[in-house]
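So you can see what is in the structure, the chains are spelled out below.
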Amino acid sequence: MTVLAAADSGTMRIVSILALGALLAGAAPKTEDYYKLPSIERIGNNLYQSTNVIIETRACLHLPVDDEDALLKYLGPEEYKIVWEDRSTCEVQRVTLGETLPI
């Protein structure tokens, strides 16, 4: 019969920290899943424009304040949402990269 050695408090503390770290590693948001949208503006019904990206949303009523920044969160292939400074979100229908539209 095998008898396990008693663990001292230092070993148990290290094991606890490692277990907690492994648990939280999967829960933390990855920075590569977010893209900055500096100075985003509403240019039409469900249309928003940032520096060099135009975003079409679904039923988004958010009105950005002056020089509001937002984040574009990548959810999966062709799935995004806008995360505003007030932490509200809008579902994205389409993202277009390129030249800015004349306003």
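The coordinates are above.
Since the model is a prediction, treat every value here as computed from it, not as a measurement.

Caption draft 1: Structural detail: the sheet that holds strand β5 (residues 70-76). The strand order β1-β5-β6-β7-β4-β3-β2 describes an open sheet built from 7 strands, whose pairing is antiparallel. With one partner strand each, in any of the chains shown, β1 (34-37) and β2 (41-44) form the two edges of the open sheet. Shown here is a sheet whose adjacent strand axes are inclined to one another by a mean of 40°, direction ignored. Bridge count for β1 against β5 is 4 bridges, and the pairing is antiparallel. Paired with Y35 across the two strands is L72, which belongs to β5.

Caption draft 2: A look at the state of the cysteines. With the rule as written, the count across this model stands at 1 disulfide. Shown here is the disulfide that connects C60 with C90, its sulfur atoms set 1.9 Å apart. Residues C60 and C90 are joined through a disulfide that is right-handed, its torsion about the S-S bond being 55°. Residue C60 is found in the loop between β4 (53-57) and β5, and its partner C90 is found in strand β7 (residues 89-97); the two are separated by 30 residues along the sequence. Note on C90: relative accessible area 9%, which makes it buried.

Caption draft 3: Up close: a negative patch on the surface. A cluster of acidic residues, E41, D66, D67, D69, E85 and D86, forms a negative patch on the protein surface. Looking at D69, the relative accessible area reads 36%, which means it is partly exposed.

Caption draft 4: Local environment of the layout of surface pockets. As a volume, the largest pocket reaches approximately 150 Å³. Of the residues forming the lining of the largest pocket, the biggest block, 3 residues, is contributed by β1. Here the lining of the largest pocket is composed, by residue class, of 8 nonpolar, 3 polar and 1 charged.

Cut-offs applied
- Residues numbered from 1 in each chain as written.
- Predicted model: local features only at pLDDT ≥ 70, side-chain atom pairs only at ≥ 80, totals over all residues.
- Heavy atoms only, no water.
- Pairing = 2+ DSSP bridges.
- Helix = DSSP H or I, 4+ residues; strand = E, 2+ residues; numbered from the N terminus.
- Axes fitted to C-alpha atoms, helices over the stretch in contact; angles between N-to-C directions.
- Disulfide = S-S within 2.5 Å.
- Buried < 20%, exposed > 50% of the residue type's maximum accessible area, 1.4 Å probe, protein only.
- Patch = residues over 30% accessible without salt bridge, like charges linked within 9 Å, V, L, I, M, F, W, Y side chains within 5 Å.
- Areas by Shrake-Rupley, 256 points an atom, 1.4 Å probe, with all protein chains shown as cover.
- Salt bridge = Lys/Arg side-chain N within 4 Å of Asp/Glu carboxyl O.
- Lys, Arg positive; Asp, Glu negative; His and termini not counted.
- Charge placed at Lys NZ, Arg CZ, Asp CG, Glu CD.
- 1 Å grid on protein atoms, 1.4 Å probe; cavity = no way out; pocket = protein on both sides within 12 Å on 5 of 7 lines; lining within 4 Å.
- Points joined across faces, edges and corners; volume = space filled by probe spheres on them.
- Nonpolar A, V, L, I, M, F, W, Y, C, P; charged D, E, K, R; others polar.

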